[in-house]
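Understanding the architecture of this molecule
One-letter residues, chain by chain:
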Amino acid sequence: KFFCNENYGWDHYAEYLDMYTFNLFGDPSLVLEGIFNENNPPVITDIYGPNEGKPGIEYTFCINISDPDEDNIFVFWDWGDGINSGWVGPFESGIEICENHSWDLKGLYVIQVRLKDEEGLISPTMSLEINIPRTRTINFSFDLGLINHF
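Residues numbered from 1 in each chain as written. Predicted model: local features only at pLDDT ≥ 70, side-chain atom pairs only at ≥ 80, totals over all residues. Heavy atoms only, no water.

1. Some thoughts on the confidence of the model for the chain
- Residue-level pLDDT values for the chain average 79, and 65% of them are 70 or greater.
- Between residues 1-20, whose pLDDT stays under 50, and residues either more than four places distant or in other chains, the model counts 28 contacts. (pLDDT = per-residue confidence, 0-100. Contact = heavy atoms within 4.5 Å.)

As structure tokens, then:
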């Protein structure tokens, strides 16, 4: 940690931690100043939801999110069918986020989720596959005359 010079007029505590100005060996002519900003990407610790479904049915998918720096987090859902959520949020670190989606056509879809913190750092992508097989309708007719023979 650095001893921060509060004469900059900033009122955000994190900025005081990131900005440092100090004199080397107590000599005012030897001033070292700068900005120290170490930021870590947010993390998706888990993604879950069904792996198989039916066309036209809405399913829920959830992720657990966190940010090592406790930054607010934005979430981007790509549903694999040409539809995405855009960046939604902000959300607090350490919570579960759930979203719903349905697919109209059969196929194997790859859901991809990314996170972005308020500093703009983007997480690695987390993926989950869902198979939407075609629906099958079986028409069954039963001849009651056949039962009368028994």
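The rest of the description comes next.
2. Some points on the packing of aromatic side chains
- One pass over the full model with this rule turns up 6 aromatic pairs.
- Taking the centre distance of 6.1 Å and the plane angle of 75° together, the rings of Trp 79 and Trp 103 count as edge-to-face. Here the residue Trp 79 occupies a position in the loop between β5 (73-78) and β6 (84-91), and Trp 103 occupies one in the loop between β7 (95-101) and β8 (107-117), the gap between them amounting to 24 residues. For the pair Trp 79 and Trp 103, a shared accessibility class is recorded, and that class is buried.
- Pairwise contacts between aromatic rings join Phe 61, Trp 77, Trp 79, Trp 103 and Tyr 109 into one cluster.
- Residue placement shows Arg 114 over the ring face of Phe 76; its charged tip is 4.7 Å from the ring centre. (Phe/Tyr/Trp six-rings, centres within 6.5 Å; stacked < 30°, edge-to-face > 60°. Helix = DSSP H or I, 4+ residues; strand = E, 2+ residues; numbered from the N terminus. Buried < 20%, exposed > 50% of the residue type's maximum accessible area, 1.4 Å probe, protein only. Lys NZ or Arg CZ within 6 Å of the ring centre and 35° of its normal.)

3. Considering the sheet that holds strand β9 (residues 126-132)
- The strand order β6-β5-β8-β9 describes an open sheet built from 4 strands, whose pairing is antiparallel. A single partner strand is all that each edge strand has here, and the edge strands are β6 and β9. Direction aside, neighbouring strands of the sheet carry axes that sit 20° apart on average.
- With 6 bridges connecting them, β5 and β8 associate as antiparallel partners. Counted as the bridge partner of Phe 74 is Lys 116 from β8. (Pairing = 2+ DSSP bridges. Axes fitted to C-alpha atoms, helices over the stretch in contact; angles between N-to-C directions.)

4. Observations concerning the side chain of Asp 67
- Following the sequence through the fold, Asp 67 ends up in the loop between β4 (59-66) and β5.
- Despite its burial, Asp 67 pairs with no opposite charge, the nearest such side chain being Lys 116 at 12 Å.
- At a separation of 2.8 Å, a polar atom in the side chain of Asp 67 contacts the main-chain amide nitrogen of Asp 69. (Lys, Arg positive; Asp, Glu negative; His and termini not counted. Salt bridge = Lys/Arg side-chain N within 4 Å of Asp/Glu carboxyl O. Polar contact = N/O pair within 3.5 Å; in protein donor to acceptor, adjacent residues only side chain to side chain.)

5. What to know about the nonpolar core
- With 19 residues, the main nonpolar core has Phe 61, Ile 63, Trp 77, Trp 103, Ile 111, Val 113 and Ile 130 as its most contacted residues.
- Residues in contact with Trp 103, not counting those within four places in the same chain, are Lys 54, Pro 55, Gly 56, Tyr 59, Phe 61, Trp 79, Asp 81, Tyr 109, Ile 111, Ile 130 and Ile 132. (Core = buried A, V, L, I, M, F, W, Y, C linked by side-chain atoms within 4.5 Å.)

6. Looking at the side chain of Ser 123
- Among the secondary structure elements, Ser 123 is positioned in the loop between β8 and β9.
- Looking at Ser 123, the relative accessible area reads 5%, which means it is buried.
- In contact with Ser 123, not counting residues within four places along its chain, are Pro 41, Pro 42, Ile 44, Arg 114 and Leu 115.

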